[in-house]
Amino acid sequence: MIILRLQQIRDAQRFFEILNNPNFHYFGSQPESVEAEIAWLEGNEKRFSEHKEWNYTILKGDDIIGGIGVKINQHRSYIGEIGYFIDEAYWGQGIATEAVRLLEEICMQELRMTRFELLMLPENIGSEKVAIKSGYRKEGLLQKALLHKDGSKRDCFLYAKTL
Ligand SMILES: CC(C)(COP(=O)(O)OP(=O)(O)OC[C@H]1O[C@@H](n2cnc3c(N)ncnc32)[C@H](O)[C@@H]1OP(=O)(O)O)[C@@H](O)C(=O)NCCC(=O)NCCS
């Protein structure tokens, strides 16, 4: 059983530990330091109040085991793009799939969203499985749409679910 709560600045150390993992091959960004993570988390209040991004911490009991967030389409507020990461120690337990379900609930109730999108590199099998298990359908391959951590823009799958 997991719960989502809004991210807090005190989550920085734990997020840094989870994200600073060489096995996160396909994740777009990794903080360079705890200080960089703190700076990023400090921006969450503005992102939230301006309805740009709502970012949550995934908790199992008192333990922080990942993060999930939604980017709210700035022209069509009924569309949200969801992104997530889970501590490797917890992979394969259905955590990301459950977190997507919980975030969709929040987005439907509080933002009246009716379309959710997930983008992932074609090599990111784990993320693609989350999309399929969550009832998303593949809509295509977006060319050079994902900014990778090496600075290149990569083709990615677009998966979506509509209500
Ligand atoms: C992708 C990710 C979020 C999946 O989290 P998870 O909690 O393991 O997801 P779930 O258990 O709900 O389902 C994922 C499925 O893919 C599998 N899987 C998870 N990570 C995998 C990996 N690195 N490679 C291959 N398969 C993987 C799981 O075993 C599970 O399989 P199952 O359905 O047969 O049980 C996690 O691997 C992660 O944080 N990766 C690094 C960050 C990342 O890539 N985020 C997504 C960016 S688009």
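These figures come from a predicted structure and were not determined experimentally.

## Notes on the overall build of the protein chain
In terms of regular secondary structure, the protein chain is built from five helices and seven strands. Going residue by residue from the N terminus, the α and β elements of the protein chain occur as β-α-α-α-β-β-β-α-β-α-β-β. In terms of overall dimensions, the protein chain is globule-like: its C-alpha atoms have a radius of gyration of 15 Å, near the 15 Å expected for 163 residues. Here the C-alpha coordinates of the protein chain stretch approximately 35 × 35 × 30 Å along the principal axes. Looking at the protein chain as a whole, 44% of its 163 residues qualify as buried. Residue pairs in contact within the protein chain that sit at least 24 positions apart in sequence constitute 60% of those at least 6 positions apart.

## Points about the side chain of Glu104
Mapped onto the secondary structure, Glu104 falls in helix α4 (residues 95-111). On the basis of relative accessibility, which here comes to 5%, the residue Glu104 falls in the buried class. What Glu104 contacts, discounting residues up to four positions off in sequence, is Ile82, Phe116, Tyr136 and Lys161.

## Some thoughts on the nonpolar core
Residues Leu4, Ile58, Ile68, Ile82, Leu103, Leu118 and Tyr136 are the most contacted members of the largest nonpolar core, which totals 30 residues. Contributing elements (two or more residues each) for this core: β2 (53-60), β3 (63-72), β4 (79-86), α4, β5 (115-120), α5 (125-133) and β7 (153-162). With eight residues, the single largest contributor to this core is α4.

## Structural notes on the sheet that holds β3
Taken in spatial order, the seven strands of this open sheet run β1-β2-β3-β4-β5-β7-β6, and their pairing is mixed. One side of each edge strand has no neighbouring strand; the edge strands of this open sheet are β1 (3-6) and β6 (137-147). If you compare each strand with its neighbour and ignore which way they point, the axes differ by 30° on average. When β5 meets β7, the two strands line up antiparallel, connected through six bridges. Residue Leu118 lies in a different strand from β7, and its bridge partner there is Tyr159.

## Focus on the site of the ligand
The environment of the ligand is made up of 20 residues, and the closest members are Ile86, Gly92, Gly94, Thr97 and Lys133. Here Thr97 contributes a side-chain N or O atom positioned 2.5 Å from an oxygen atom of the ligand. The side chain of Lys129 places a nitrogen or oxygen atom 3.1 Å from an oxygen atom of the ligand. Notes on the ligand: free accessible area 890 Å², of which the protein chains cover 76%. Counting residues per element, the shell around the ligand draws most heavily on α5, which supplies five residues. Considered class by class, the residues forming the shell around the ligand number eleven nonpolar, seven polar and two charged.

## Here's the deal with unusual backbone geometry
Among all residues except glycine, the phi angle is most often negative; among peptide bonds, the trans geometry is most common. Its identity is not glycine, yet His51 carries a phi of approximately 55°, on the positive side. When you line up the elements, His51 lands in the loop between α3 (44-49) and β2. In the Ramachandran plot, Lys144 falls in the positive-phi region, its phi being about 50° despite a non-glycine side chain. Structurally, the position occupied by Lys144 is in strand β6. Residue classification places Lys144 among the exposed residues on the basis of a relative accessible area of 61%.

## Some details on the state of the cysteines
Here the structure, examined in full by the defined rule, presents zero disulfides. Cysteine Cys107 remains unbridged, with the sulfur of Cys156 as its closest cysteine sulfur at 19 Å. Cys156 gets classed as buried once you look at its relative accessible area, which sits at 0%.

Conventions adopted
Residues numbered from 1 in each chain as written. Predicted model: local features only at pLDDT ≥ 70, side-chain atom pairs only at ≥ 80, totals over all residues. Heavy atoms only, no water. Helix = DSSP H or I, 4+ residues; strand = E, 2+ residues; numbered from the N terminus. Rg over C-alpha atoms; globule rule 2.2 N^0.38 Å. Buried < 20%, exposed > 50% of the residue type's maximum accessible area, 1.4 Å probe, protein only. Contact = heavy atoms within 4.5 Å. Core = buried A, V, L, I, M, F, W, Y, C linked by side-chain atoms within 4.5 Å. Pairing = 2+ DSSP bridges. Axes fitted to C-alpha atoms, helices over the stretch in contact; angles between N-to-C directions. Near = heavy atom within 4 Å. Polar contact = N/O pair within 3.5 Å; in protein donor to acceptor, adjacent residues only side chain to side chain. Areas by Shrake-Rupley, 256 points an atom, 1.4 Å probe, with all protein chains shown as cover. Nonpolar A, V, L, I, M, F, W, Y, C, P; charged D, E, K, R; others polar. Disulfide = S-S within 2.5 Å.

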